[in-house]
Amino acid sequence: MADCSRTVDDIKRSIRSCDYANSKETTKFYDRWAQTYEQDMMMINYRPAHLAVDFLNANFCGRREEVQVLDVGCGTGMVAKLMFELGFRHFVGVDGSKGMLDQAVKTSLYQDLRLALLGTQRLPAETGMFDVVILVSVLCPGYAPVSVVRELCHATKPGGFICIAKGLYPGAREERYKKDLDRELQLMEDEGLWSLVGNNPTDRYMENSYLTTEADRKDEQEERYISGNVYLYKKSIDLNR
Ligand SMILES: C[S@@+](CC[C@H](N)C(=O)[O-])C[C@H]1O[C@@H](n2cnc3c(N)ncnc32)[C@H](O)[C@@H]1O
């Protein structure tokens, strides 16, 4: 049962307690968090799932009820819930945390949920199978490696969409990761694998967990939120790739 007495500061302290050393440790952290994840995220103004789904939806043309969606790093199913409200009906989810997948099952929205630690295991998805591949808040140090973006593209049908939401967390490790990610995204475009439909930057991705107290918030308003991006790509139609 959820602990209703948890405050915003408790939640941020808990997030800071994960050292994000590697994806195995990170997903164990999510196993422990799974039961209160959605409620906690609501309390710290977690916006990425909404930002990604809204941006995808604004650029999507097609029959939503017919398309196959792959939700990578699906967690408890927040993304699928939002997409369902907009008319999308067919979802497959992948995550490295069994605890998070146990919560996702309860939504009854996924036709399949697959356990896989990305970076260590290949993305468990058939090549060219999905009309939409979406990944929200999974690309960062200690989570999934940059190499996963190529796998997202492989799983997408020619002409399909790949939507990626990513927060910009403070620190040198994150800066290096972001540089590598930007290089890979551009390289894939140069190789003709996909083209950028749009990049939607935001300076309010989610609250900054490294600012904890009420006093901090008042003194440093500008850092209350971390910034982030939603990238939307369209896979090339050329079937020879
Ligand atoms: C911040 S949550 C985002 C969940 C969901 N997309 C959302 O927006 O609510 C990050 C998710 O990524 C998963 N994750 C982190 N690293 C992973 C990896 N290497 N392979 C698979 N899942 C991973 C975690 O288990 C967790 O469910």
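Read on for an overview of the structure. On a predicted model such as this, the values are computed, not experimentally measured, just so you know.

Considering the nonpolar core
General note: in soluble globular proteins, nonpolar side chains tend to be found buried as a group.
Here comes step 1: In terms of nonpolar packing, the biggest core is built from 47 residues, with M83 and I134 touching the most fellow members.
Here comes step 2: The element best represented in this core is helix α4 (residues 48-59), accounting for six residues.
Here comes step 3: The residues contacting M83, other than those within four sequence positions of it, are V53, L56, V69, F88, F91, V132 and I134.
Here comes step 4: Core analysis: the second largest hydrophobic core is formed by 28 residues, F130, V138, L152 and Y231 among them.

Observations regarding unusual backbone geometry
Here comes step 1: Here N45, not a glycine, exhibits a phi torsion of approximately 55°, which is positive.
Here comes step 2: For N45, the position within the fold is in the loop between α3 (37-43) and α4.

A word on helix α2 (residues 23-33)
Here comes step 1: Regarding α2, the residues found buried are S23, T26, T27, F29, Y30 and W33. Angular distribution of buried residues about the axis of α2 spans 150°; they occupy a single face of the element. In this structure, α2 carries K24 and R32 as exposed residues pointing more than 90 degrees from its buried face.
Here comes step 2: On its buried side, α2 packs onto α1 (8-17), α3 and α6 (98-105).
Here comes step 3: Two or three places before K24, at the start of α2, stands the capping residue N22, its side-chain oxygen 3.0 Å from that residue's backbone nitrogen.

Calculation rules
Residue positions are counted from 1 within each chain, in the order its sequence is given. In keeping with the predicted nature of the model, local features appear solely for residues at pLDDT of at least 70, side-chain atom pairs appear and are counted solely at 80 or more, and the whole-chain, interface and lining totals rest on all residues. Note that water and hydrogens are dropped before the side-chain values are worked out from all heavy atoms of the structure. We define the nonpolar core as a collection of buried residues of types Ala, Val, Leu, Ile, Met, Phe, Trp, Tyr and Cys that are connected through side-chain atoms lying within 4.5 Å of one another. Relative accessibility under 20% of the residue-type maximum defines a buried residue, over 50% an exposed one, and the middle range a partly exposed one, all with a 1.4 Å probe and only protein chains included. Helix and strand labels come from DSSP, where a helix needs a run of H or I of at least four residues and a strand needs a run of E of at least two; each type is numbered from the N terminus. We call two residues in contact when some of their heavy atoms are within 4.5 Å. It is the directions from the helix axis to the C-beta atoms that the arc portrays. For the purposes of these results, a polar contact is taken to be a pair of N or O atoms within 3.5 Å, where, inside protein, one atom must be able to donate a hydrogen and its partner to accept one; residues adjacent in sequence count only when each atom of the pair is a side-chain atom.

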